[in-house]
Amino acid sequence: NNEAEAKYMIDDAIDKAKSGRYDELNDDQKVLVNFANWTIKEDLYWGYKYFNDKCYFQAIKHFECVLGAIHPVFDTLTKKQKTDILGVYFRTGFAYTELNVYSKALYYLDIPYCFGNLDGCMAYITCLLKAKDFRASDIIENQLSMITERLRDYDEEDEVPDSYMEYRNFLLRNRVIM
């Protein structure tokens with residue numbers, strides 16, 4: 001029974017969180033415990049489950065329910081909840097990209113891209129490239145300029161975050177592909 005599975009898994013995550021056993025929660029469960037609304041918890045659970053199983057069409061259905069419920073109250077969310085919801089936007093856009101529905105993918109990926117999330121930026125650019133969107137070239141060049149400026153802020157003694165170098169290399173690879 002799907003309802004029983006979701007209830008068991010959500011209750012398990014809540015119990016672990018209440019007893020301070022956060023280290024036993026996986027990343028998806030950590031998001032579940034951050035929201036009070038049971039329907040949102042269920043849709044997050046099923047969205048993550050289907051997404052992780054690469055059943056993107058089913059995942060999208062649940063993620064869009066979450067985003068529809070959250071949209072009117074987004075400004076009232078905590079910083080952590082907003083970060084979690086950006087992850088839902090990212091996964092929804094990623095799923096649409098995998099289904100080759102690029103206009104919908106770009107709609108959802110635009111949000112993490114605008115917030116400067118590097119994974120979101122890479123997914124957004126990948127989607128633009130797959131869609132053969134004319135904006136890809138300018139965005140890659142602008143992002144390369146931005147990350148190059150950020151890298152200049154680091155002294156020789158400072159350790160540059162791996163994510164910056166990965167992003168820069170991603171941009172350089174995709175600039176060549178174009």
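Quick caveat, the model's predicted, so the values are computed rather than measured.

**What about the side chain of lysine 41?**
For lysine 41, the position within the fold is in helix α3 (residues 38–52). For the buried residue lysine 41, which engages in no salt bridge, the nearest side chain bearing the opposite charge is aspartate 11, 8.2 Å off. Other than its neighbours up to four places away in sequence, lysine 41 contacts Ile10, Ile14, Leu32, Val33, Phe35 and Ala36.

**A closer look at the pattern of salt bridges**
Tallying each qualifying case throughout the model produces eleven salt bridges. For the salt bridge of arginine 21 with glutamate 24, the shortest nitrogen-to-oxygen distance reads 3.3 Å. Accessibility expressed as a relative area gives 33% for arginine 21, which makes it partly exposed. Of the charged contacts, one joins glutamate 149 and arginine 152 as a salt bridge, the two residues approaching to 2.4 Å between their closest N and O atoms. Taken together, the residues span about one helical turn, with glutamate 149 and arginine 152 both in helix α8 (residues 135–152) at a distance of three residues. Residues participating in the shared-partner salt-bridge network are Glu5, Lys49 and Asp53.

**Here we look at the environment of methionine 122**
In this fold, methionine 122 is placed in helix α7 (residues 118–130). Relative accessible area serves as the criterion here: at 19%, methionine 122 is assigned to the buried category. Here the alpha-carbon distance between methionine 122 and asparagine 174, two residues 52 residues apart in the chain, equals 10.0 Å. Among residues more than four places away in sequence, those in contact with methionine 122 are Tyr167 and Phe170.

**Focus: the state of the cysteines**
According to the stated counting rule, one finds zero disulfides in the structure shown. Cysteine 121 takes part in no disulfide bond, and the closest cysteine sulfur to it belongs to cysteine 114, at a distance of 8.7 Å. Among the residues examined, cysteine 121 registers a relative accessible area of 2% and is labelled buried. For the unlinked cysteine cysteine 127, the closest cysteine sulfur is that of cysteine 121, found at 13 Å. Of the residues examined, cysteine 127 reaches a relative accessible area of 0% and is grouped as buried.

**As for a nonpolar patch on the surface**
On the surface, Phe57, Leu99 and Val101 cluster together into a nonpolar patch covering about 280 Å² of accessible area. Positionally, valine 101 belongs in the loop between α5 (79–98) and α6 (102–114).

**Details of the environment of isoleucine 147**
One can find isoleucine 147 in helix α8. On a C-alpha basis, the gap between isoleucine 147 and tyrosine 167 in space is 8.0 Å, while along the polypeptide they are 20 residues apart.

**A look at unusual backbone geometry**
For lysine 54, which is not glycine, the phi dihedral falls at a positive 60°. By the secondary structure assignment, lysine 54 is in the loop between α3 and α4 (56–70). If you check the backbone angles, asparagine 100 has positive phi at about 60° while not being a glycine. Its place among the elements puts asparagine 100 in the loop between α5 and α6.

Calculation rules
Residues numbered from 1 in each chain as written. Predicted model: local features only at pLDDT ≥ 70, side-chain atom pairs only at ≥ 80, totals over all residues. Heavy atoms only, no water. Helix = DSSP H or I, 4+ residues; strand = E, 2+ residues; numbered from the N terminus. Buried < 20%, exposed > 50% of the residue type's maximum accessible area, 1.4 Å probe, protein only. Lys, Arg positive; Asp, Glu negative; His and termini not counted. Salt bridge = Lys/Arg side-chain N within 4 Å of Asp/Glu carboxyl O. Contact = heavy atoms within 4.5 Å. Disulfide = S-S within 2.5 Å. Patch = residues over 30% accessible without salt bridge, like charges linked within 9 Å, V, L, I, M, F, W, Y side chains within 5 Å. Areas by Shrake-Rupley, 256 points an atom, 1.4 Å probe, with all protein chains shown as cover.

Read these as spatial facts, not as claims about activity.
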